[in-house]
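# Residue-level structure breakdown
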Amino acid sequence: MISVSAPGRICLFGEHQDYLGLPVIAAGISRRIIIEGAYRNDNLIVINMPDIGVVEKFYLEKNYTYTKPHDYLRSVLNTVMQDTPCTFSRGFECTVRSTIPINSGTSSSSALVVAWIQFLTKIADVPQNLTPFEVANIAFKAEVTAFGGHGGTMDQFSIALGNFIYLRSKPTVKVENLSPKLGAFVLGDSLQEKDTQKILKHVKYGMLAALEKIKKVNPLFDIMKVNIEAANDFKNMLSPDELILVKGNISDHKILCAAKKLLENNTINDAELGQLLTQHQNNLRDAKRISTEKINRMLEAAMKAGALGGKINGSGGGGCMFAYAPHNSENVAEAIEKAGGKAHIIYVDRGVE
């Protein structure tokens, strides 16, 4: 029997910035996906997913044609067979179980992809020992590149590596491990379905359009090096929404830089970390407009119950929020549930294994 697991993830700082080439700070969490399985005596692959009531069955092939828009199970097999020495001469059956909220901003799909890669490399004819960095690269190729996606690399790397990471994706992927000693967070699922494409239309493509206008006038404009006031130089060429987005992204990068400096210390000022999370949330709510009234209520309830700060997690428009509550996580969880969410006390956790 082979057993592998991978965490979900939270983005602490840099939400909606990795696809702009800006850095993020993210972490693996203690809600995990587990895949367990063993060889069969034929060439059939069977994947049982009891959490969602699905069973997938298909035969071993050298190259799979995809049967649905995001056919991650087959795309991972294709990528693993193309990019690693893995070969498969007999089938196998496995069961997938997860405690990660689905389609809620905690990267359940990326966790599945990362765990599936790890499982395949261990059940191959000659098991392979890939580094977490190698797993993350394969995951990005199988999940994003294979389907012409536009996401960044945060999900795959934060899940494969686990714990806290500072990640820059451009010009090449650069990861720094951070090791702050933090207490509990409380993850709150709003139980609201997300419309990720609607969010991206405003936040991502709106920002890219604004940057294109700015760089026609100032090709050297670098969002990582300017102050918020610099955006006013371009207000005559930007729509009001675009100007707000540019200012919000500049502010979010400054917040991330302050957070990185804080998290590099041996002793963490919990209150300061909470304040930075809340400042980030204010931008996500007001400038990028990805929060919802319910998530705002959940965050307000968490703060009243003693949380030090918090923010929406993921693309937004629904899904999850989280609050930093190192001293009274149970009270905060209860407050989030009274506000209509589903609460989980979580900790920063290891990567794929």
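In short, a report on the structure. (Residues numbered from 1 in each chain as written. Predicted model: local features only at pLDDT ≥ 70, side-chain atom pairs only at ≥ 80, totals over all residues. Heavy atoms only, no water.)

Turning to the packing of helix 5 (residues 196-217) against helix 6 (residues 240-263), a few remarks are in order. Their axes nearest at 9 Å, the elements helix 5 and helix 6 cross at an angle of 95°. Judged by the angle between their axes, helix 5 and helix 6 are roughly perpendicular. Contacts between helix 5 and helix 6 involve H202, V203, G206, M207, A209, A210, K213 and I214 from the first element and E242, L245, V246 and N249 from the second. The class makeup of the residues in the contact of helix 5 with helix 6 is seven nonpolar, three polar and two charged. (Axes fitted to C-alpha atoms, helices over the stretch in contact; angles between N-to-C directions. Helix = DSSP H or I, 4+ residues; strand = E, 2+ residues; numbered from the N terminus. Parallel < 35°, antiparallel > 145°, perpendicular 65-115°, else oblique. Contact = heavy atoms within 4.5 Å. Nonpolar A, V, L, I, M, F, W, Y, C, P; charged D, E, K, R; others polar.)

With antiparallel pairing, the four strands of this open sheet are ordered in space as 9-10-8-11. Each having just a single partner strand, strand 9 (309-313) and strand 11 (342-346) make up the two edges of the open sheet. Averaged over neighbouring strand pairs, the angle between their axes works out to 20° when direction is ignored. Of the strand pairs in this sheet, strand 9 and strand 10 (residues 320-324) are connected by five bridges, and their pairing is antiparallel. (Pairing = 2+ DSSP bridges.)

Our next topic: a nonpolar patch on the surface. On the surface, I52, V54 and I102 cluster together into a nonpolar patch covering about 260 Å² of accessible area. By secondary structure assignment, the location of I52 is in the loop between strand 3 (44-49) and strand 4 (54-59). (Patch = residues over 30% accessible without salt bridge, like charges linked within 9 Å, V, L, I, M, F, W, Y side chains within 5 Å. Areas by Shrake-Rupley, 256 points an atom, 1.4 Å probe, with all protein chains shown as cover. Salt bridge = Lys/Arg side-chain N within 4 Å of Asp/Glu carboxyl O.)

So, about the packing of aromatic side chains. Tallied over the entire structure, the rule returns 11 aromatic pairs. With a centroid separation of 5.1 Å and 45° between ring planes, the pair formed by Y66 and F147 is classed as tilted. Taken together, the residues Y66 in the loop between strand 4 and helix 1 (72-83) and F147 in the loop between helix 3 (132-143) and helix 4 (154-161) connect sequence positions 81 residues apart. An aromatic cluster of three or more residues is present, and its members are F88, F92, W116 and F119. Sitting over the ring of Y19, K204 keeps its end group 5.1 Å from the ring centre. K260 extends its terminal NZ or CZ atom over the ring of Y166, reaching a point 4.8 Å from the ring centre. (Phe/Tyr/Trp six-rings, centres within 6.5 Å; stacked < 30°, edge-to-face > 60°. Lys NZ or Arg CZ within 6 Å of the ring centre and 35° of its normal.)

Looking now at the layout of surface pockets. Where empty space is left in the structure can be found by rolling a water-sized probe over the atoms. Size it by volume and the second largest pocket reaches roughly 200 Å³. Around the second largest pocket sit 13 residues that line it, and L20, L22, K215, D222 and I223 are the ones nearest its centre. Of the residues forming the lining of the second largest pocket, the biggest block, three residues, is contributed by helix 5. Looking at the lining of the second largest pocket residue by residue, the class counts come to eight nonpolar, one polar and four charged. (1 Å grid on protein atoms, 1.4 Å probe; cavity = no way out; pocket = protein on both sides within 12 Å on 5 of 7 lines; lining within 4 Å. Points joined across faces, edges and corners; volume = space filled by probe spheres on them.)

Between its first and last C-alpha atoms helix 3 spans 16 Å; for 12 residues at 1.5 Å apiece the expected length is 16 Å, and the two agree. For helix 3, every residue scored as buried is listed here: V135, A136, I138, A139, A142 and E143. Looking straight down helix 3, one finds its buried side chains confined to an arc of 165°; they lie on one side. On its buried face, helix 3 sits against helix 1, helix 2 (108-123) and helix 4. (Expected span 1.5 Å × (residues − 1). Buried < 20%, exposed > 50% of the residue type's maximum accessible area, 1.4 Å probe, protein only. Arc of directions from axis to C-beta.)

A few words now on unusual backbone geometry. P171 follows K170 through a cis peptide bond whose omega is 5°. By secondary structure assignment, the location of P171 is in the loop between strand 6 (164-168) and strand 7 (174-178). Located in the positive-phi region is N103, a residue other than glycine, with phi close to 50°. Considering the arrangement of structural elements, one finds N103 in the loop between strand 5 (92-98) and helix 2.

The next point concerns the pattern of salt bridges. Evaluation of the coordinates by the stated rule reveals 21 salt bridges. Between R40 and D42 there is a salt bridge, and its shortest N-O distance comes to 2.9 Å. By relative accessible area, which is 22% here, R40 ends up partly exposed. Overall, the relative accessible area of 32% leaves D42 in the partly exposed class. The partner of E93 in a salt bridge is R40, and the shortest N-O contact between them spans 2.9 Å.

In this structure, I35, I45, I47, F88, W116, F119 and L120 are the most contacted members of the largest nonpolar core, which totals 49 residues. Counting residues per element, this core draws most heavily on helix 2, which supplies 10 residues. Core analysis: the second largest hydrophobic core is formed by 39 residues, F221, V226, I290 and M321 among them. (Core = buried A, V, L, I, M, F, W, Y, C linked by side-chain atoms within 4.5 Å.)

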